[in-house]
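Descriptive structure summary
These are the residues of each chain, in order.
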Amino acid sequence: MMAGTTGRMAARDQAALASHPPSGEFVLVEGRRVHLQVAGEGPDLVLIHGANGNLREFTFAMMDQLSDRYRVIAVDRPGLGYSDALPEDEASVAAQAQVLRQAVAQVGAQNPVVLGQSYGGTVALAWALQAPPAALVLVSSPSLPWPGELDIWYRITASAVGRIAILPLASAFVSHSYVRRAIDGVFAPQHVPEGYADHLGIDLILRKSSMATNAMQINGLRPQVEKMQQDYPRLTLPIELVHGDADTIVPLHIHSKPLSQMIANAALTVLEGAGHMPHHTHPEAVIAAIDRAALRAGLR
């Protein structure tokens, strides 16, 4: 059984590399590789993806929609896509933000607008608390502690037994069709754009290393935002929040709505009937928020 699992995990890794190889370039930050992709000209705009994702989240459509007037830099967060992982005890959102700040500086970004979607928005907030960029755009982003427990998958993988026993089995045997159904749930109540799952790369998501990194990051998120929230009121940079009122994954009333009331320079756009992925389902609203952020920062 173990040999079969190991073989299937290795095949998954090979399939991911063959079908979805690195699409950008690599820079080194303290000896670890960070994968990023750059397109366009204009003010710098950094795009940070959410959980279970990679920079292909943005190369599906958004980079093409923005590169006519921004120099867009999409990044793989540490441990996901093709960026090297951080040690488990150094993998906080603050540590990820520090790595990404150094990475984009190596390709010339000094004062960018930073957009984070979902978990990537929490990383963007950590970035702003360290060294404020020109502006933030937070899309469907967790920012404050939430009630209740995470779903069963994360509760299982929070334990050592779950990480050792369950993650390898999931990596080896979870089917593409199962992941596609999960993606449907992330987009609900809207539909997944045709070709999205194939572009994102299901085998990239199902690599054991990626699944382990993602589980660790999600399980460790709530205590981090509990600490971060006390510092939000000191943020003075322009912040644009975009959130759907039908988002059940990161609910508006727990996160962006109260956050907008804590930060003097924050503006909230609520999308009626929108779920968790408005950068795909309502791109015009997200692009308008980016343009407003850049204008408020004096970059346009």
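Everything numeric in this text was worked out from a predicted model, so none of it was measured.

1. Points about the packing of aromatic side chains
- Here the structure, examined in full by the defined rule, presents two aromatic pairs.
- Ring centres of F60 and Y196 lie 5.6 Å apart, and the angle between their planes is 85°; this geometry places the pair in the edge-to-face category. In this pair, F60 is assigned in the loop between α2 (56-59) and α3 (62-66) and Y196 in helix α9 (residues 196-200), connecting sequence segments 136 residues apart.
- Relative accessible area serves as the criterion here: at 4%, Y196 is assigned to the buried category.
- Ring geometry for F187 and Y196: centres 5.0 Å apart, planes at 75°, overall edge-to-face.
- Under the relative-accessibility criterion, F187 is labelled buried at 1%.
- Each member of the aromatic cluster is reached from another via a ring pair, and the members are F60, F187 and Y196.
- Its end group placed over the ring of F26, R33 keeps NZ or CZ at 4.1 Å from the ring centre.
- Its end group placed over the ring of Y82, R207 keeps NZ or CZ at 5.3 Å from the ring centre.

2. So, the pattern of salt bridges
- For the structure on display, the rule yields eight salt bridges.
- Here the residues in one salt-bridge network are D68, R69 and D291, joined through shared partners.

3. A word on the environment of V46
- Note that V46 resides in strand β3 (residues 44-48).
- For the pair V46 and I73, spaced 27 residues apart in sequence, the C-alpha separation works out to 4.7 Å.
- Contact partners of V46, with chain neighbours within four places excluded, come to I73, V75, V104, P112, V113, V114, L115 and W127.

4. Some remarks on the packing of helix α5 (residues 119-130) against helix α12 (residues 221-228)
- At their nearest, the axes of α5 and α12 sit 12 Å apart, and the two run at 35° to each other. Note on packing geometry: the crossing formed by α5 with α12 is left-handed. The segment α5 lies against α12, with Y119, T122, L125, A126 and L129 engaging L221, V225 and M228.
- When the residues that make up the contact of α5 with α12 are grouped by side-chain class, the tally is seven nonpolar, one polar and no charged.

5. Things to note about the nonpolar core
- Judged by nonpolar contacts, the single largest core of 46 residues is most densely connected at I48, L136, Y232, L235 and I239.
- In this structure L235 touches L125, A128, L129 and I263, once residues within four positions along its chain are discounted.
- Grouped together as the second largest cluster of nonpolar side chains are 25 residues, V113, A135, V286 and A289 included.

Here is what the cut-offs are and how they apply
- Residues numbered from 1 in each chain as written.
- Predicted model: local features only at pLDDT ≥ 70, side-chain atom pairs only at ≥ 80, totals over all residues.
- Heavy atoms only, no water.
- Phe/Tyr/Trp six-rings, centres within 6.5 Å; stacked < 30°, edge-to-face > 60°.
- Helix = DSSP H or I, 4+ residues; strand = E, 2+ residues; numbered from the N terminus.
- Buried < 20%, exposed > 50% of the residue type's maximum accessible area, 1.4 Å probe, protein only.
- Lys NZ or Arg CZ within 6 Å of the ring centre and 35° of its normal.
- Salt bridge = Lys/Arg side-chain N within 4 Å of Asp/Glu carboxyl O.
- Contact = heavy atoms within 4.5 Å.
- Axes fitted to C-alpha atoms, helices over the stretch in contact; angles between N-to-C directions.
- Left-handed = near helix turned anticlockwise from the far one by under 90°.
- Nonpolar A, V, L, I, M, F, W, Y, C, P; charged D, E, K, R; others polar.
- Core = buried A, V, L, I, M, F, W, Y, C linked by side-chain atoms within 4.5 Å.

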